[in-house]
Amino acid sequence: SPHKDDYKDEVIDIRRVTKVTKGGRTLHFSATVAVGDKNGKVGIGAGKSSEVVEAIKKARMQAVKNIQKIDIVDGRTISHDIIGEAGAAKVLLKPAKAGTGIIAGGPVRTVLELAGLKDVVSKSLGSNTQINTAKATIEALRNQRSIEHVAELRGKTVEESKIGRAVQQECRDR
């Protein structure tokens, strides 16, 4: 199992949630946390507790369990435009030239940074709940197809496939 310290974590959202009982209201905190190794692994988790610290700890454990492996192109960007969806949240991610940086807000930026991406442009469409936006981002990253993967699906080597040549050319141009 991965060591706790391999991953950097970032709190995406902390909310105060209330349960109303006949004796009055009981307060709890729900936390959403993203973890990643800045090298292609990222995950998010949610936790609830009556203590903030405890909620964050639970969320972090959950996030480490939910780690996903992500393909990074040239050690800095993604391979193609893609839209990820979670609930009503949609996130559009586009690869960008070297030096662009991460153009994203809130949870999307957090997830992309923890995944180790450096040049990506994003737009959040639809709902803007923090947790679903974060989930949608991971969904988009997970559904990336590497050139190798597409070539394999078509039964060709990367060199043979037209797209492989085009992408390699484009990578050289950048």
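Predicted model, so just to flag it, every value in this text is computed and none were measured.

On to the pairing of strand S5 (residues 82–86). Burial along S5 is one-sided: the face carrying Ile82, Gly84 and Ala86 is buried and the face carrying Ile83 and Glu85 is not. Bridge count for S5 against strand S6 (residues 89–95) is five bridges, and the pairing is antiparallel. Counterpart to Ile83 in the pairing with S6 is Leu92. Connecting S5 to the antiparallel partner S6 that follows it, the hairpin turn spans two residues, and Gly87 within it adopts a positive phi of roughly 60°.

Non-glycine residue Lys38 carries a positive phi angle of around 60°. Topologically, Lys38 is positioned in the loop between strand S2 (24–36) and strand S3 (41–49). Even without glycine at this site, Asp74 takes up a positive phi of about 55°. Within the secondary structure layout, Asp74 lies in the loop between strand S4 (68–69) and S5.

The next point concerns the pattern of salt bridges. Applying the stated criterion across every chain yields a total of six salt bridges. One salt bridge in this structure joins Asp13 and Arg15, with 3.1 Å as the shortest N-O distance. Its salt-bridge partner being Asp74, residue Arg76 comes within 4.0 Å of it at the nearest N-O pair. By relative accessible area, which is 10% here, Arg76 ends up buried.

Moving on, we come to the side chain of Thr137. On the secondary structure map, Thr137 appears in helix H3 (residues 130–142). When near neighbours in sequence (up to four residues on either side) are disregarded, Thr137 contacts Val91, Leu93, Val108, Val111 and Leu112.

Further remarks concern helix H1 (residues 52–65). With 14 residues, H1 ought to run about 20 Å at 1.5 Å a step, and its terminal C-alpha atoms sit 20 Å apart, in line with that. Taken together, the buried residues of H1 touch strand S1 (8–21), S2 and S3.

Another aspect to go through is the sheet that holds strand S7 (residues 102–103). As summarised here, the arrangement of the four strands in space is S5-S6-S8-S7, forming an open sheet in which the pairing is mixed. The open sheet is flanked by S5 and S7, the only strands paired with a single partner. Two strands pair when backbone bridges link them, and S6 and strand S8 (residues 120–126) are joined in this way by seven bridges, in the antiparallel orientation. Within the sheet, the bridge partner assigned to Pro95 lies in S8 and is Val120. In this fold H3 packs onto S5, S6 and S8, with an angle of close to 135° to the strand it touches most, S5.

Once that is clear, we can look at the nonpolar core. Grouped together as the largest cluster of nonpolar side chains are 24 residues, with contacts concentrated most on Val42, Ile44, Leu93, Val111, Leu112, Leu117 and Leu141. Elements represented by at least two residues in this core include exactly S3, S5, S6, helix H2 (106–115) and H3. Apart from the residues within four sequence positions on either side, Ile44 is in contact with Ile12, Val33, Ala34, Gln62, Ala63, Asn66, Val111, Ile131, Ala134, Lys135 and Ile138. If you look at the next biggest cluster of nonpolar residues, it comprises nine residues, including Val33, Val35, Ala59 and Val64.

Time to look at the sheet that holds S1. If you trace the four strands from one edge of the open sheet to the other, you get S1-S2-S3-S4, paired in antiparallel fashion. Lying at the two open borders of the sheet, with one neighbouring strand each, are S1 and S4. Bridge analysis of S2 against S3 gives eight bridges, and the strand direction is antiparallel. The residue bridging Thr32 from the neighbouring strand is Ala46, located in S3. Where H1 meets the sheet, its contacts fall on S1, S2 and S3, and the angle it forms with S3 comes to roughly 145°. Where H3 meets the sheet, its contacts fall on S1, S2, S3 and S4, and the angle it forms with S3 comes to roughly 155°.

Conventions adopted
- Residues numbered from 1 in each chain as written.
- Predicted model: local features only at pLDDT ≥ 70, side-chain atom pairs only at ≥ 80, totals over all residues.
- Heavy atoms only, no water.
- Buried < 20%, exposed > 50% of the residue type's maximum accessible area, 1.4 Å probe, protein only.
- Helix = DSSP H or I, 4+ residues; strand = E, 2+ residues; numbered from the N terminus.
- Pairing = 2+ DSSP bridges.
- Salt bridge = Lys/Arg side-chain N within 4 Å of Asp/Glu carboxyl O.
- Contact = heavy atoms within 4.5 Å.
- Expected span 1.5 Å × (residues − 1).
- Axes fitted to C-alpha atoms, helices over the stretch in contact; angles between N-to-C directions.
- Core = buried A, V, L, I, M, F, W, Y, C linked by side-chain atoms within 4.5 Å.

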